[in-house]
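Listed below, chain by chain, are the residues.
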Amino acid sequence: MSGARRYVLAFDHGTSGLKTSLVDRRGQVASSAFEPTAIHFTDDGGAEQDPDDWWRALIKTARQVLERTGAGIGGDDLAAVCVSSTFSTTVAVGADGQHVAPAMTWMDSRGASHVKQRMKGLINIQGYGLTNLIKWVPRTAGGPTLSGKDDVAHALFWKCEQPEVYERTHKLLPSKDYLNLRLCGRTAATYDSIQLFWVTDTRDINNVRYDPRLIRALGLDRSKLPELHPSTAVLGPLLPGVAAELGLPEAAAAKIQVVAGSPDHQAAGVGAGAVRDFEAHLYVGTSSWVQCVVPFKKTDVLHSIASLPTSVPGRYMTANEQDMAGGCLVWAAEQLLDRAPSEEEIGELLVVADDARPGCDGLIFLPWLNGERTPVDDHHLRGGWINLAKTHTRADLIRSVLEGVALNTRWSLGYVEKFAGKRLDPIRMVGGGARSDLWCQIFADMLDREILQMEDPICANARGAAFLAWIGLGELTFEQLPDLVVPRNRFTPNPDNRPLYDAHFKAFLNLYQANRNIFHKLNRGRF
């Protein structure tokens with residue numbers, strides 16, 4: 001296939017597995033392959049993964065993609081490789097470049113007590129000492145979340161509870177940057193991927209840098225933090241040994257550049273084409289978020305919303321993320337099937353859900369299976385079905401999960417729009433959940449917004465990573481992206497469902513208020 005179109009090999013590393021896609025300069029996906037990776041949950045709030053599993057999945061899927069595309073892709077056909085990975089999954093890396101402990105994922109809350117200890121003060125607001133708010137918010141637009149799921153909480157957990165791991169750690173790397181290390185041998189992070197260590201001064205978005213005062217206040221070691229670069233920075237060529245693992249000639253490695261890339265939030269926005277001010281995207285995968293680009297820096301302390309670095313030059317992004325979205329659907333399917341479901345079985349359940357009426361005859365699902373991040377930062381919350389009756393059907397159970405996730409998104413969207421100062425409409429929807437027409441329509445009805453179901457929505461992160469690579473190589477610009485990503489379908493709100501969903505949303509908020517203290521009593525000390 002040498003001499004044909006040139007491609008970027010884009011890696012979308014998610015919670016449930018790793019997808020590799022071959023993407024051309026127009027964002028067209030020539031081929032994709034996915035390999036699941038295991039996650040290990042512990043009773044004390046741990047959620048770990050083996051970074052070697054990620055690497056095996058990366059190599060396996062990359063070889064599949066390269067081998068199945070026509071007569072095969074040669075080294076001359078590949079311009080670059082680029083990674084998008086989960087935000088706030090952390091790897092402790094030794095001096096030899098190997099991980100010294102299992103990775104702590106974004107669902108791991110074991111560092112919560114250490115964050116709370118460092119953030120509290122004599123006068124506290126929402127659990128944060130006033131002096132700490134004054135110290136952190138102006139510089140970073142936020143601060144370490146008390147749920148203990150940020151990178152900084154993972155680093156503090158290793159330092160305080162597994163000191164042998166911390167001592168052996170040469171660099172603390174976000175998962176994206178760990179994979180880049182394996183690809184090109186360079187320890188580096190990007191302005192956006194390092195954010196949840198909460199040790200960078202982002203007041204000048206064009207000059208993001210470490211803040212020694214914040215590093216000292218947390219008790220971290222500056223030497224263990226990586227150098228920083230823009231998301232479109234070219235880190236260097238692919239290692240010859242990696243080229244060989246991919247089935248390419250080692251001599252081809254020098255021509256294949258490794259571009260720094262972005263975490264999943266930012267890459268999904270780029271892949272959705274939502275790169276202009278106040279353009280919003282909704283991602284629905286294992287987790288979910290609603291996000292938009294903003295031209296200013298500010299903070300909503302009460303609802304954990306802030307202007308954070310993004311891959312778009314000179315701009316910030318703001319987002320509200322919920323811990324579980326598609327993960328709730330997979331969990332429900334596991335309970336109904338008594339085993340892990342296949343993609344086909346998930347699709348069959350979505351067909352079943354379409355038989356249920358909107359509102360599911362009063363059944364409401366609370367999606368907080370792993371606590372929540374925003375608009376409330378509370379890892380004690382838990383989920384479940386409310387108002388369940390013997391007359392409810394399997395269709396009601398599944399549709400209520402879809403509606404429960406959308407209810408939480410509506411809660412989040414309200415604060416994001418207030419923060420942005422604008423109504424976000426339409427909203428571009430991407431991720432695995434966006435493949436479901438039913439779920440897209442539920443979101444349109446629940447949010448009262450037009451939902452744009454983007455083409456190949458499950459490839460948005462990989463497409464975003466590829467776009468960042470092409471921009472880094474100087475062959476594309478951010479301004480061109482919105483015209484390259486087009487909607488597959490448009491879903492407009494059904495006004496007949498508005499009164500019903502308004503009532504359900506009011507009940508949803510009341511359920512949170514009525515039950516949060518009960519959740520705290522039941523779950524305090526458990527995780």
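Please read these numbers as outputs of a predicted model, since none were measured by experiment.

Novice: In this structure, what is going on with the overall build of the protein chain? I would like to understand it.
Specialist: Per the secondary structure count, the protein chain includes 16 helices and 28 strands. For the protein chain, the C-alpha radius of gyration of 22 Å lies close to 24 Å, the compact-globule estimate for 527 residues. Seen through its C-alpha atoms, the protein chain measures out along the principal axes to roughly 65 × 55 × 45 Å. The buried share among the 527 residues of the protein chain stands at 62%. If you take every contact in the protein chain between residues at least 6 apart in sequence, the share linking residues at least 24 apart comes to 73%. Surface accessibility of the protein chain: about 19,400 Å² in total, with carbon and sulfur atoms responsible for 50%. Here the protein chain contributes 56 positive and 61 negative side-chain charges, whose respective centroids are spaced 6 Å apart.

Novice: So what exactly am I meant to see when it comes to the pattern of salt bridges here?
Specialist: Pairs may arise between side chains of opposite charge once their charged atoms sit close together. Following the criterion strictly, the structure yields 25 salt bridges and no others. Between D361 and R357 there is a salt bridge, and its shortest N-O distance comes to 2.5 Å. Overall, D361 belongs to the partly exposed group, its relative accessible area being 46%. R410 serves as the salt-bridge partner of D502, at 2.9 Å between the closest nitrogen and oxygen. Within this pair, whereas D502 is found in helix α16 (residues 498-523), its partner R410 is found in helix α12 (residues 394-420), the two being separated by 92 residues in sequence. We classify R410 as buried; its relative accessible area is 15%. In the salt-bridge network here, residues are joined through shared partners; they are E48, D108 and R110.

Novice: Please clarify how the sheet that holds strand β16 (residues 234-237) should be interpreted in this entry.
Specialist: Strand-to-strand pairing in sheets goes through backbone hydrogen bonds, with the strands running parallel or antiparallel. Pairing is mixed across the open sheet formed by six strands, whose spatial order is β3-β2-β1-β6-β17-β16. On the outer flanks of this sheet lie β3 (29-36) and β16, each paired with one strand and no other. Across the sheet, the mean angle from the axis of one strand to that of its neighbour is 20°, orientation sign disregarded. Sheet topology note: the β16/strand β17 (residues 257-263) ladder contains three bridges and is antiparallel. Note that in β17 the partner of G236 across the bridge is V258. Contacting β1 (7-13), β2 (17-23), β6 (78-85), β16 and β17, helix α6 (residues 175-184) crosses the sheet at an angle of about 170° to β17.

Novice: Explain the packing of aromatic side chains here, please?
Specialist: Ring pairs (aromatic) are described by centroid distance and by the angle formed between their planes. If you walk through the whole model with that rule in mind, you get 13 aromatic pairs. When the ring centre of Y166 is taken as origin, the NZ or CZ atom of K224, which lies over that ring, is 4.9 Å away. The ring of F278 has K422 lying over it, and the distance from NZ or CZ to the ring centre is 5.1 Å.

Novice: So what exactly am I meant to see when it comes to the side chain of H303 here?
Specialist: Locating H303 in the fold gives a position in the loop between β20 (299-300) and β21 (305-306). Within the structure, H303 has its side chain in polar contact with the side chain of D300 (distance 3.0 Å). Residues in contact with H303, not counting those within four places in the same chain, are N320, T374, P375 and Y415.

Novice: Even after reading the chapter, I still don't get empty space enclosed by the protein, so can you show me in this structure?
Specialist: All told, the structure shown has two cavities of 30 Å³ or more when counted by the stated rule. Approximately 480 Å³ is the volume found for the largest cavity. For the lining of the largest cavity, the secondary structure elements donating two or more residues are α3 (130-140), β20, β21 and β23 (316-322). Empty space within the second largest cavity amounts to approximately 50 Å³. As for the second largest cavity, its lining consists of Q266, G269, V270, A274, V275, E279, H281, Q291, C292, V293, T310 and V312. Sorting the residues of the lining of the second largest cavity by element identifies α9 (264-271) and β19 (288-294) as the ones contributing at least two each. Here the lining of the second largest cavity is built from residues that sort into six nonpolar, five polar and one charged.

Novice: Can you walk me through the sheet that holds strand β22 (residues 308-309) in this structure?
Specialist: Strands sit in the order β22-β23-β19-β18-β26-β27-β28 across an open sheet of seven strands; the sheet is mixed. Of all the strands in the sheet, just β22 and β28 (487-491) have a single pairing partner and so form its edges. One ladder, built from three bridges, connects strand β26 (residues 427-430) with strand β27 (residues 451-454); its direction is parallel. Bridge assignment links R428 to a residue of β27, and that residue is L452.

Novice: Got a minute to help me understand the layout of surface pockets in this structure?
Specialist: Remark: the empty space left among the atoms is shown by a probe the size of a water molecule rolled over them. In this structure, the second largest pocket occupies an estimated 620 Å³ of space. What lines the second largest pocket is a set of 25 residues, among which Q126, V376, D377, D378 and Y512 lie closest to the centre. At the level of secondary structure, the elements contributing two or more residues to the lining of the second largest pocket comprise α12 and α16. Counting residues per element, the lining of the second largest pocket draws most heavily on α16, which supplies six residues. Residue composition of the lining of the second largest pocket, grouped by class: 10 nonpolar, 10 polar and five charged.

Novice: Help me understand the nonpolar core in this model?
Specialist: It is characteristic of soluble globular proteins that their nonpolar side chains tend to be buried jointly. If you look at the biggest cluster of nonpolar residues, it comprises 58 residues, and the most contacted ones within it are L329, W368, L402, M429, W439, F443 and I451. Ranked by residues supplied to this core, first place goes to α12 with 10 residues. Beyond its immediate chain neighbours, meaning those up to four positions away, L402 contacts L329, L350, A353, L438, W439 and I442. Membership of the second largest hydrophobic core comes to 39 residues, among which are W136, L172, A189 and L218.

Novice: Teacher, can you tell me more about a nonpolar patch on the surface here?
Specialist: A contiguous nonpolar patch, built from L122, I123, I125, L130, I134 and L302 and spanning about 640 Å² of accessible area, is present on the exposed surface. Counting through the fold element by element, L302 comes out in the loop between β20 and β21. The exposure class of L302 is exposed, given its relative accessible area of 52%.

Calculation rules
In this numbering scheme, every chain counts its residues from 1 along its sequence in written order. A pLDDT threshold of at least 70 governs which residues receive local features in this predicted model, and a stricter bar of 80 or more applies before side-chain atom pairs are shown or counted, although totals over entire chains, interfaces and linings include all residues. Hydrogens and water molecules were not included; the side-chain quantities draw on all heavy atoms of the structure. Helical segments are the DSSP runs of H or I of at least four residues, strand segments are the runs of E of at least two, and each set is numbered from the N terminus. Each radius of gyration is computed over the set of C-alpha atoms, and the globule rule expresses the reference value as 2.2 Å times the number of residues to the power 0.38. Type-normalised accessible area, obtained with a 1.4 Å probe on protein chains alone, sets the label of each residue: buried when under 20%, exposed when over 50%, and partly exposed for intermediate values. Residue contacts are defined here by distance: any two heavy atoms, one from each residue, within 4.5 Å place the two residues in contact. The Shrake-Rupley method, run with a 1.4 Å probe sphere, supplies the accessible areas, and residue values consider only the shown protein chains as cover. Charged-residue counts in this description rest on Lys and Arg as positive and Asp and Glu as negative, His and the chain ends being excluded. Here the site of a charge means NZ on Lys, CZ on Arg, CG on Asp, or CD on Glu. Put simply, a salt bridge is a Lys or Arg side-chain nitrogen that is within 4 Å of an Asp or Glu carboxyl oxygen. Each pair of strands is called paired provided DSSP finds at least two bridges between the two strands. Every axis corresponds to a line fitted to the C-alpha atoms, with the helix fit spanning only the stretch in contact, and the corresponding angles, defined between N-to-C directions, vary from 0 to 180 degrees. We call Phe, Tyr and Trp rings a pair once their centres come within 6.5 Å, taking the six-membered ring for Trp, and we label the pair stacked below 30 degrees between planes, edge-to-face above 60, and tilted otherwise. Each ring is checked for a lysine NZ or an arginine CZ that lies within 6 Å of its centre and within 35 degrees of its normal; such an atom marks a charge sitting over the ring. Pairs of N or O atoms are called polar contacts if they sit within 3.5 Å, as long as, within protein, a hydrogen donor faces a hydrogen acceptor (for residues adjacent in sequence, only side-chain-to-side-chain pairs). Put simply, the grid is 1 Å and covers the protein atoms alone, a cavity is a trapped set of points that fit a 1.4 Å probe, a pocket is an open set with protein on both sides within 12 Å along at least five of seven lines, and lining residues have an atom within 4 Å of a point. Grid points are joined across faces, edges and corners, and a volume is the space filled by probe spheres set on the points. For this classification, Asp, Glu, Lys and Arg are treated as charged, while Ala, Val, Leu, Ile, Met, Phe, Trp, Tyr, Cys and Pro are nonpolar and the rest, including Gly, are polar. The definition of a nonpolar core used throughout is a set of buried Ala, Val, Leu, Ile, Met, Phe, Trp, Tyr and Cys residues joined through side-chain atoms within 4.5 Å. What makes a patch is a set of residues exposed beyond 30% relative accessible area and free of salt bridges, joined within 9 Å when like-charged and within 5 Å when nonpolar (Val, Leu, Ile, Met, Phe, Trp, Tyr).

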